[in-house]
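Okay, here's what each chain looks like letter by letter:
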Amino acid sequence: MRNTKQAPRIQSELQLDDIACASCVQVIKNALFRLEGVEDIDVDLANAKLYVKHDPARVPLRRLEEAVEAAGYPVRETPDTAPQRLSAQVEGMHCAACSAAVEKALKKLDGVNEVTVNLAAERADIIFDPNRVRLEDLIEAVEKSGYELVLPEEGAQSESDPKERDQDKLRLLRNRFLLAAIPAIVIMGLMLVHMVIQPIPYYRLIIAILAFPVIFVAGAETHLNSYRAVKHGAPNMDVLVSLGSIPPYLLGIVGFFIPMTSFIEMGATITAFHLLGRYLEGRARGRASQAIKKLLEMGAKTARVKRDGQEHEIPINEVQLGDLMVVRPGEKIPTDGYVVSGTSAVDESMATGESLPVTKHEGDEVIGATINREGALEVKAQRVGKDTFLAQVIKLVEEAQGSKVPIQEFADRVTGYFVPAIIVIASATFAAWLLFPTFFGDIITWGAQYLPWVNPDLTPLTLAFFAAIAVLVISCPCALGLATPTALMVGTGIGADKGVLIRNGEAIQTLREVKLVVFDKTGTLTRGKPQVTDVVPGPGSDSHEVLYYAAAVEQVSEHPLGQAIVTAYRDTNDSLPDVKDFQSITGRGVQGQVEGREVLVGKASLLEESGIDTQALKEQVNQLESEAKTPMYLAIDG
C-alpha cells in the first residue's frame with residue numbers, strides 16, 4: 001500500500017556567488033516561490049547564503065538551483081547541500097531477515113549513501129542525496145521488498161504518537177496470541193486424552209475446527225508476510241512458520257479422505273508459540289523505548305507567552321522564536337532562551353547533573369525543561385522544536401539506539417542467508433528420510449527404547465514430514481537478529497534514564513573491555529540532588545533543634561537545599577509545625593515564624609544583614625567548604 005502521509009520538509013542551503021542587495025533577494029524569492037513545494041525562504045545577505053524550506057519529493061534541490069541560476073544568480077557547489085538524513089518507521093519487519101531485506105533494497109538505490117535498519121526499533125535511518133534520489137524512490141524500494149516505509153508527518157506530536165502506536169501494537173499482538181493460545185491449549189488437552197486415556201469420537205474434525213482460527217485468523221498476518229517475502233525473493237522467519245503450520249493442517253484435512261496421521265495439532269501449536277514469541281518481543285521493545293518516552297515527558301507541555309500585551313497559555317509546539325514567555329516559581333522553562341527580566345534560581349540538574357540551582361539574571365541563557373525554583377522570570381525564546389537542548393538529547397539517544405555495533409553487522413550478514421539455507425536443509429531432510437527409510441528407521445527404533453513418545457511404527461512419509469517440520473520450527477533466526485539491537489536499546493535507554501548519554505552503539509561493545517574509568521569534571525560527581533551531611537549546633541543548642549526549626553521554615557520552599565533539609569529531618573522524625581509569614585529572599589535564603597519565633601535560614605550575608613554575627617562558626621564553616629560542602633546558617637530570634 002502506498003504511503004499517503006505528508007512528506008517531511010527539509011531545509012536546504014544554497015551558496016550564491018553574486019548577490020548584493022535587497023532587490024536581488026526579491027528576484028530570487030519570486031523565482032523560487034513559483035515552484036510548487038517551496039514553503040519558506042530565508043536569505044543571509046552578508047554571507048550570500050540562501051535557506052529554502054521545501055518538499056524534496058516535489059521540488060528537489062537540483063530544481064531549486066536551476067531556478068536560481070535561471071534568475072541570473074549562479075549557485076556555488078558546496079558539500080553541505082547534498083546529504084540529507086531521514087529517520088522513518090518500517091512496518092512489517094519481524095526478524096533479522098526482514099531488516100536485511102529492507103537494508104539491501106535501500107542500498108541498491110543510486111544516491112543512498114548510508115542505511116541502518118534497526119529491527120528492535122522498527123526504524124530505518126537513511127542518509128541520501130536528494131539530487132539523485134527522491135523520497136518516493138525510498139518508499140517504493142521498501143514496498144518492493146515487501147514492507148512499508150512510514151514517513152514522519154510534518155508537525156506531528158512526537159510526545160504522544162510513538163507511545164500510542166507502541167501501545168496499539170502491543171495490544172494487537174496480545175489479542176492475536178490469546179486468540180491462538182486458548183484453542184491451542186484445548187487442542188493439546190484433547191490430544192493427550194485421545195492418545196493416552198481413550199479415543200475421542202470425531203477427534204480429527206474437532207481439532208480441525210479448533211485449529212482453523214489459530215492458523216488462519218490469528219496467524220493471518222504471518223502468512224501474508226510470508227507471501228510478500230517469497231514474492232519479493234527475500235524469505236524470512238514468517239516463511240518458516242507458514243511452512244511449519246499450513247502444510248500440517250492441510251495434510252490433516254487430507255486425512256479425512258486418505259489414511260494419514262494427523263498433523264493439525266502440530267500446526268496449531270507452532271502458530272501459538274510463534275505468536276507468543278512475537279508478543280514477548282513487543283513487550284521487550286516497549287520497555288526498551290521507555291527512556292525516550294521519559295525524556296519526552298521531561299519537557300513542558302504548555303507555555304505562557306505575552307502577545308499584544310496579554311498573557312496566553314498555548315501548547316509548547318506553538319511557541320515561536322522571539323516569543324516572550326512568563327515562567328513562575330515551580331514551573332518548567334518551556335524552551336531554550338535567555339532571561340529578559342527577573343532573577344531566580346534555576347534547577348538545571350536534568351541538563352548538567354549539578355545538584356545546586358544556578359542563579360539567573362537578566363541576559364543569562366536558560367535551558368528548556370529545567371525548573372524555575374524561586375522568582376518569576378520573563379524569557380525570550382531562542383530555540384524551539386527540534387533545535388532545543390532536550391530535542392538534541394532525544395535525537396542523540398534515538399540515533400544511538402538505531403546504530404549498529406560490529407557484532408550486529410556480522411549477525412545481519414549471517415541471517416541474510418539463514419532462511420534460504422534452512423529451507424534447503426529442511427527439503428534435503430525430507431528427501432533423505434524418504435530415500436533412506438531403513439537407516440533412519442533403525443535410529444527411531446533405538447530411540448523408542450528410551451523415549452516413550454517416539455513411535456517407530458509410523459510410515460516413512462510421516463516420519464520424513466515430522467523431521468522436515470522439526471528443522472523448520474527450531475531454526476528461528478529471531479534470537480540471533482533481535483538480541484543485539486534489543487540489548488542496545490535497553491543499554492542506551494537505561495543510560496539515558498540514569499543521566500548517561502551514549503553517542504553510538506559501538507561505544508557499548510567497546511565498554512566491555514574497559515577495566516578503569518577516570519572522571520574529569522569541573523566540580524564534584526554528585527547524586528544529582530543535595531543531601532544534608534553535617535549539622536553543627538551553636539552554643540546553647542543541639543542538632544535536633546537546628547534541624548527542627550530549619551526544616552519547619554524550608555518545608556514550604558521550592559529550593560533543592562531547603563528540600564534536602566526537610567528530607568533529613570523527616571528521615572528520623574515525624575511532623576513539622578506550621579510556618580507563618582514565610583518569605584523567600586532570592587539568592588540568599590528564607591525567613592518565617594515558627595511557634596512564635598523568628599527564624600532565618602540561608603547564606604551568611606542574610607544573617608549579617610539582620611545584625612547577627614557568624615564569626616563564632618567561621619572555623620567549622622571553612623572546614624566544611626574545604627570538603628566541597630555548601631554551608632547554610634540558621635538564626636532564631638536574632
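Residues numbered from 1 in each chain as written. Predicted model: local features only at pLDDT ≥ 70, side-chain atom pairs only at ≥ 80, totals over all residues. Heavy atoms only, no water.

Okay, the environment of Val75 next. Here Val75 is to be found in strand 4 (residues 75-76). The residues touching Val75, leaving out its near neighbours within four places in the chain, are Leu14, Gln15, Leu16, Glu65, Val68 and Glu69. (Helix = DSSP H or I, 4+ residues; strand = E, 2+ residues; numbered from the N terminus. Contact = heavy atoms within 4.5 Å.)

With that out of the way, let us pick up unusual backbone geometry. In this model, Tyr202 sits at a positive phi of 55 degrees, which is unusual for a non-glycine residue. Structurally, the position occupied by Tyr202 is in the loop between helix 5 (161-197) and helix 6 (203-218). Positive phi, normally seen in glycine, also occurs at Asp581, with a value near 50 degrees. Following the sequence through the fold, Asp581 ends up in strand 18 (residues 579-585). The exposure class assigned to Asp581 is exposed, which follows from its relative accessible area of 59%. (Buried < 20%, exposed > 50% of the residue type's maximum accessible area, 1.4 Å probe, protein only.)

Spatial ordering of the open sheet is given by 6-7-5-8, a layout of 4 strands whose pairing is antiparallel. Here the strands that pair on one side only, and so sit at the sheet edges, are strand 6 (112-118) and strand 8 (148-150). Put simply, the sheet's adjacent strands are angled 30 degrees from each other on average, direction ignored. Across 3 bridges, the pairing between strand 5 (residues 84-91) and strand 8 is antiparallel. Paired with Gln89 across the bridge in strand 8 is Val150. Across the face of the sheet, helix 4 (residues 135-144) comes into contact with strand 5, strand 6, strand 7 (123-128) and strand 8 while running at roughly 140 degrees to strand 8. (Pairing = 2+ DSSP bridges. Axes fitted to C-alpha atoms, helices over the stretch in contact; angles between N-to-C directions.)

In this section: the sheet that holds strand 16 (residues 371-372). With antiparallel pairing, 3 strands are arranged side by side in an open sheet as 14-13-16. What marks the edges here is a single partner per strand, and that holds for strand 14 (358-360) and strand 16.

Moving on, we come to the packing of aromatic side chains. For the structure shown, the criterion picks out 9 aromatic pairs. Seen in terms of ring centroids, Phe177 and Tyr279 are 6.3 Å apart; in terms of plane orientation they differ by 5 degrees. Their pairing is stacked. Remark: Tyr279 occurs in helix 9 (residues 264-288) and Phe177 occurs in helix 5; sequence separation between them is 102 residues. Comparing Phe177 with Tyr279, the two get one shared label, buried. Ring-pair connections join several aromatic residues into one group, and the members of that group are Phe212, Phe216 and Tyr249. (Phe/Tyr/Trp six-rings, centres within 6.5 Å; stacked < 30°, edge-to-face > 60°.)

Core analysis: the largest hydrophobic core is formed by 24 residues, its most contacted members being Ile126, Leu138 and Leu149. Mapped onto this core, the elements with two or more residues apiece are strand 5, helix 3 (96-107), strand 6, strand 7 and helix 4. Looking at this core, the element that brings in the most residues is helix 4, giving 5 residues. (Core = buried A, V, L, I, M, F, W, Y, C linked by side-chain atoms within 4.5 Å.)

In this section: the pairing of strand 17 (residues 377-383). Relative to strand 17, strand 11 (residues 324-327) runs antiparallel, the two sharing 4 bridges. Its bridge partner lying in strand 17, Met325 is registered against Val379. Pairing analysis gives 5 bridges linking strand 12 (residues 336-341) to strand 17, with the strands arranged antiparallel. Its bridge partner lying in strand 17, Ser341 is registered against Glu378.

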